[in-house]
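# Residue-level structural notes
Read off the chains here:
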Amino acid sequence: MIKVAPSILSANFVDLKPDIELAQKGGADFLHIDVMDGQFVPNLSFGPGMVEAIRPITSMPLDCHLMIENPERFVTQFCQAGADIVGVHVESTPHIYRALEMIKQHSVKAEVVLNPGTPISLVEDVLPIVDQVLIMTVNPGFGGQKFISQMIPKIQRLNQLRQTGENNFAIEVDGGINDNNVASVYKAGADIAVAGSYVFNSDDPIAQIKKLKTRTSD
């Protein structure tokens, strides 16, 4: 069964707490927090202060996805704010190894993230030190986008690397995930599915989370 990480990018910004409580009640495994700086991606969202505010109101692990230029400038702040996982894009810094090591120095799980057009070969050298790899299945920056089906073979290749090597990392997918494609990414090797608009733009977020899990329960 796949693990589900609802993204609060699609939740009610005016009052996040009820949506977060619904996600937890629905059996969500993580809470996904998309951090955007308006430079690496054409959108702005949350900072460390939001993570700090959310931390006391949920027991779900906070999965912070940093879509920002030179993330090593802010890694410490997000770790100290209460993040359990911090993801950094390989495209966002010339010092990806340093950024990942900084995360791990805070006893926080380190995740490397790849955009749809980025080959897995660019992260092979850091796989031994990461806890997770996030494959973007849309172009990052906005919620509600259509799933890029060409990412399925990419997930499969990453899973093959995990099975044949000595690396032990989880595979997360993010973008356009719904009940029509979640079984495909799970079968390809994904362990965690981020779902934003599919969960929070529905009338019943709890049912949507359960539906994603049910589709991968066989």
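Residues numbered from 1 in each chain as written. Predicted model: local features only at pLDDT ≥ 70, side-chain atom pairs only at ≥ 80, totals over all residues. Heavy atoms only, no water.

Before going further, it helps to spend a moment on helix H1 (residues 16-25). Burial in H1 covers these residues: Leu-16, Asp-19, Ile-20 and Ala-23. All buried residues of H1 fall inside an arc of 100 degrees around its axis, so they share one side. Next to the buried residues of H1 lie strand S1 (3-6), strand S2 (31-36), helix H2 (48-54), helix H7 (197-200) and helix H8 (205-214). In the stretch just after H1, Gly-27 is the one whose phi turns positive, near 95 degrees. (Buried < 20%, exposed > 50% of the residue type's maximum accessible area, 1.4 Å probe, protein only. Helix = DSSP H or I, 4+ residues; strand = E, 2+ residues; numbered from the N terminus. Arc of directions from axis to C-beta. Contact = heavy atoms within 4.5 Å.)

What follows deals with the packing of aromatic side chains. Across all of its chains, the model carries one aromatic pair by this definition. When the centroid spacing of 5.2 Å and the interplanar angle of 65 degrees are considered together, the rings of Phe-13 and Phe-46 count as edge-to-face. Within this pair, whereas Phe-13 is found in the loop between S1 and H1, its partner Phe-46 is found in the loop between S2 and H2, the two being separated by 33 residues in sequence. (Phe/Tyr/Trp six-rings, centres within 6.5 Å; stacked < 30°, edge-to-face > 60°.)

This next bit is on H8. It helps to recall that an α-helix has 3.6 residues per turn; residues three or four apart then point in one direction. When we look at burial in H8, the residues that qualify are Pro-205, Ile-206, Gln-208, Ile-209, Leu-212 and Lys-213. Along the axis of H8, the buried residues cluster in a sector spanning 165 degrees; they form a single face.

Moving on, we get to the nonpolar core. Counting residues in hydrophobic clusters, the biggest one holds 63 residues, and the most contacted among them are Leu-100 and Val-185. Of the residues forming this core, the biggest block, five residues, is contributed by helix H4 (residues 96-105). Val-185 has contacts with Ile-2, Phe-147, Ile-152, Ile-155, Val-173, Ile-177 and Ala-190, leaving out every residue within four places of it along the chain. If you look at the next biggest cluster of nonpolar residues, it comprises six residues, including Ala-5, Phe-30, Ile-85 and Ile-192. (Core = buried A, V, L, I, M, F, W, Y, C linked by side-chain atoms within 4.5 Å.)

On to the environment of Gln-160, then. Mapping Gln-160 onto the fold places it in helix H5 (residues 152-164). Residues Gln-160 and Phe-147, 13 residues apart in the sequence, show an inter-C-alpha distance of 22 Å.

Per the UniProt entry, the sites bearing "binding site: a divalent metal cation" (unreviewed entry) are His-32, Asp-34, His-65 and Asp-174 in this numbering. Look at the named residues: they lie 143 residues apart in sequence, but the longest C-alpha span between them is just 10.4 Å, so in the fold they bunch up. The subset of the named residues that lines the largest pocket consists of Asp-34 and Asp-174. Note that His-65 resides in strand S3 (residues 62-67). Those residues within four positions of His-65 in sequence are excluded, and the remaining contacts are His-32, Ile-33, Asp-34, Val-35, Gly-87, His-89, Val-113, Leu-134, Met-136 and Asp-174. One can find Asp-174 in strand S7 (residues 170-174). (UniProt positions renumbered as here; feature names shortened; annotations may be inferred. 1 Å grid on protein atoms, 1.4 Å probe; cavity = no way out; pocket = protein on both sides within 12 Å on 5 of 7 lines; lining within 4 Å.)

In this structure, Glu-111 sits in strand S5 (residues 109-114). Notably, Glu-111 is buried but unbridged: the nearest opposite-charge side chain belongs to Lys-109, and the N-O separation is 10 Å. Reaching out from Glu-111, the side chain makes a polar contact with the side chain of Gln-132 at a distance of 2.7 Å. Beyond its immediate sequence surroundings of up to four residues, Glu-111 is in contact with Asp-63, Ile-85, Val-86, Gly-87, Val-88, Leu-100, Gln-132, Val-133, Leu-134 and Glu-172. (Lys, Arg positive; Asp, Glu negative; His and termini not counted. Salt bridge = Lys/Arg side-chain N within 4 Å of Asp/Glu carboxyl O. Polar contact = N/O pair within 3.5 Å; in protein donor to acceptor, adjacent residues only side chain to side chain.)

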